Amino acid sequence: RSTTAPGDSRTDVMAEGWERGPALSDGDVTPGGAPQRAWKPEEALMTELSELVQKVVKNSSWWERHGVDISILACSFLLLPAGFLCLRSVQAITFLAGVLILGVVHHTLTVKGSHLASHNALTESKSWGKVWAIFFIELCSAFTVEQATYNHVKIHHGYTNIIGLGDSSTWKLPFLNRYVYMFIAPLAVPILTPLVALDLLRNVEWEAALRTLCCMFLGFYCHYWLLLHVSGFQSPWSALLCMLLTRSLLAHPYIHVNIFQHIGLPMFTADRKPKRIHLMSLGVLNLPRNALLDWSFGHSLISCHVEHHLFPSLSDNMCLKIKPIVSQYLKQKKLPYNEDTYSSRLWLFLQRYEELMVHAPPITELVGIQ
């Protein structure tokens, strides 16, 4: 049975020609094409695609695999002095430029940096990967590494769009109406993030909790101290208000991106789900490239989210490099390759907010799933 995710015709999520094949284990679904086409088992499809991607990775330089993204993060650090100094100005344009610089830098470090670090995509060394994870996730983002890795890597990636596990339900606040959730609530992200992190510290060892608390305090205090002694803020409240302003600058697209790319797409139950390549092609969506969001969030969260879910250990730049291969392969195998625009998804969520964000999502009716 064909299934279309909520949205307009530009959201290419038609699962056409799916039919029950030979008995497969673990709730597999075998896609059926024309009668003359013999579809491979899911494992063979994923293996074939992995081999194509691995060839690209092996032929790529260190600069392509890691250097480009490390350079973006390094440039963000180098922009920090300019941002803090711009806030000293009494000229409105210069002051706003400082807010813009610090806001973009903050989200580059906390979103792009933390995301890459959680997947150990910044380096091929596990030891250095742990160091970068603590720096970006705990010091910059005020979250605990263990819980961030577990919730994102183990649950969200391991059970993408599986009801009760990786179905993005943590992003839902059904007691808020659509306009409050979409346009006002994101401003509270800088406040809610550390509060949620503190609550999750109950689930980690005391050594990890103590380390997280120290890193969180150091990150907040450094930001606060620089605003007072470099930017010249005269009162603690004005400095705290500026912290909130810069840390929430891109909070709206941050929330939107996290819900646009999964919620509203096919959902499955844990005991009746397709295997990896089908699950990711059905339940993940790419947005168009955007210079600001590509820099701040990274390609793997914007235009290469499908590629990222299929190959999560690759850096943003490598996800962009393998994008033509992955998209062509999925389309050749008659698998969905979901793409839609930011404005289209925003309009969809405003129209169908109750269905998508308040009520429980429906189980996808693919043959072999229910």
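Predicted model only: the values in this text are computed from it and were never measured.

### Some thoughts on the packing of helix α4 (residues 126-140) against helix α8 (residues 206-229)
(1) Moving on: Viewed as axis vectors pointing N to C, α4 and α8 meet at an angle of 60°, and their least axial separation amounts to 8 Å. The pairing of α4 with α8 is recorded here as oblique in orientation. For the pair formed by α4 and α8, the contact residues are K130, I134, E138 and L139 on the first element and R211, T212, C215, M216, L218 and G219 on the second.
(2) Moving on: By residue class, the composition of the contact of α4 with α8 is five nonpolar, two polar and three charged.

### Looking at the nonpolar core
(1) Moving on: Ranked by internal contacts, the top residues of the largest apolar core, which has 22 residues, are I277, L310, F311, V326 and L330.
(2) Moving on: Put simply, the parts of the chain that give this core at least two residues each are α1 (42-58), α11 (276-283), α13 (305-310) and α14 (316-332).

### A short note on the packing of aromatic side chains
(1) Moving on: Inspection of every chain in the model, using the stated rule, returns twelve aromatic pairs.
(2) Moving on: Taken together, a centroid distance of 5.2 Å and an interplanar angle of 75° make the contact between F260 and Y342 edge-to-face. Remark: Y342 occurs in helix α15 (residues 342-351) and F260 occurs in helix α10 (residues 251-260); sequence separation between them is 82 residues.
(3) Moving on: Overall, F260 belongs to the buried group, its relative accessible area being 0%.
(4) Moving on: These aromatic residues form a ring-pair network of at least three members: F77, W128, W132, F135 and F136.

Conventions used here
- Residues numbered from 1 in each chain as written.
- Predicted model: local features only at pLDDT ≥ 70, side-chain atom pairs only at ≥ 80, totals over all residues.
- Heavy atoms only, no water.
- Axes fitted to C-alpha atoms, helices over the stretch in contact; angles between N-to-C directions.
- Helix = DSSP H or I, 4+ residues; strand = E, 2+ residues; numbered from the N terminus.
- Parallel < 35°, antiparallel > 145°, perpendicular 65-115°, else oblique.
- Contact = heavy atoms within 4.5 Å.
- Nonpolar A, V, L, I, M, F, W, Y, C, P; charged D, E, K, R; others polar.
- Core = buried A, V, L, I, M, F, W, Y, C linked by side-chain atoms within 4.5 Å.
- Buried < 20%, exposed > 50% of the residue type's maximum accessible area, 1.4 Å probe, protein only.
- Phe/Tyr/Trp six-rings, centres within 6.5 Å; stacked < 30°, edge-to-face > 60°.

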